[in-house]
Amino acid sequence: MRGFLLAVIAALVFAGSVSIAADKPPQEAQGIRTMFVDKGSARSVLKAINVLHAKMEADGWVYRDMSVYTEDGDLQGIFVTYTRPMTDAEPAMHKPATGQ
């Protein structure tokens, strides 16, 4: 239980230290990606989230949200969601349909 609480506190600290994309008005077309960070010790989960965040930021993704996933009170992992505006170079199947 102590490890779970440490993981939740670490996740909240991480979430508070990242500039949140929700402060900006939403773009019309966005790419959205939710990644799952598997369970482990609180320290390993936090390290994995920091590595993931650095990689996604380098690829142009912006942190959006994080949710802790538990089952029967046990930490199973953390979902981390990122967004980014889509460019004209991305495939049309990922863009929303326009009105006809």
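Coordinates for the structure precede this section.
Residues numbered from 1 in each chain as written. Predicted model: local features only at pLDDT ≥ 70, side-chain atom pairs only at ≥ 80, totals over all residues. Heavy atoms only, no water.

Visitor: Go over the overall build of the protein with me, naming the residues and quoting the values.
Guide: Across its full length, the protein carries two helices and three strands. Helices (α) and strands (β) of the protein occur, in sequence order from the N terminus, as α-β-α-β-β. Per-residue burial over the protein gives 28% buried out of 100 residues. A fraction of 65% describes how many contacts in the protein between residues 6 or more apart in sequence connect residues 24 or more apart. By element, 56% of the accessible surface of the protein is carried by carbon and sulfur atoms, the whole surface being about 7,000 Å². (Helix = DSSP H or I, 4+ residues; strand = E, 2+ residues; numbered from the N terminus. Buried < 20%, exposed > 50% of the residue type's maximum accessible area, 1.4 Å probe, protein only. Contact = heavy atoms within 4.5 Å. Areas by Shrake-Rupley, 256 points an atom, 1.4 Å probe, with all protein chains shown as cover.)

Visitor: Tell me about the nonpolar core, and please be specific about residues and values.
Guide: Grouped together as the largest cluster of nonpolar side chains are 12 residues: Val37, Val45, Ile49, Leu52, Met56, Trp61, Tyr63, Met66, Leu75, Ile78, Val80 and Tyr82. Looking at this core, the elements that each hand over two or more residues are helix 2 (42-58), strand 2 (62-71) and strand 3 (74-85). (Core = buried A, V, L, I, M, F, W, Y, C linked by side-chain atoms within 4.5 Å.)

Visitor: Outline the packing of aromatic side chains, supporting the account with residue identities and numerical values.
Guide: One pass over the full model with this rule turns up four aromatic pairs. Ring geometry for Phe36 against Tyr69: centres 6.4 Å apart, planes inclined by 65°, an arrangement best described as edge-to-face. With a gap of 33 residues between them, Phe36 in strand 1 (residues 30-38) and Tyr69 in strand 2 connect regions that are remote in the sequence. Phe36 gets classed as partly exposed once you look at its relative accessible area, which sits at 38%. Taking 4.8 Å as the distance between ring centres and 55° as the angle between the ring planes, the aromatic pair formed by Phe36 and Phe79 counts as tilted. Here the residue Phe36 occupies a position in strand 1, and Phe79 occupies one in strand 3, the gap between them amounting to 43 residues. Phe79 gets classed as partly exposed once you look at its relative accessible area, which sits at 35%. (Phe/Tyr/Trp six-rings, centres within 6.5 Å; stacked < 30°, edge-to-face > 60°.)

Visitor: Outline the sheet that holds strand 2, supporting the account with residue identities and numerical values.
Guide: Across the sheet, three strands lie side by side as 1-3-2; this open sheet has antiparallel pairing. Strands with a single pairing partner mark the edges of an open sheet, and in this sheet they are strand 1 and strand 2. In this sheet, adjacent strand axes meet at a mean angle of 20° when their direction is disregarded. Note that strand 2 and strand 3 share nine bridges and pair antiparallel. Bridge pairing links Ser67 to Phe79 in strand 3. (Pairing = 2+ DSSP bridges. Axes fitted to C-alpha atoms, helices over the stretch in contact; angles between N-to-C directions.)

Visitor: Lay out helix 2 in plain terms, naming residues and giving numbers.
Guide: Here helix 2 contains 17 residues, and its C-alpha end-to-end distance of 24 Å stays within 8% of the 24 Å for a straight helix at 1.5 Å per residue. Note on helix 2: the residue one or two positions beyond its end, Gly60, has a positive phi of about 95°. (Expected span 1.5 Å × (residues − 1).)

Visitor: Any details on the pattern of salt bridges? Residues and values, ideally.
Guide: This model, assessed by the stated rule, comprises one salt bridge. One salt bridge in this structure joins Lys55 and Asp59, with 3.3 Å as the shortest N-O distance. The exposure class of Lys55 is partly exposed, given its relative accessible area of 48%. (Salt bridge = Lys/Arg side-chain N within 4 Å of Asp/Glu carboxyl O.)

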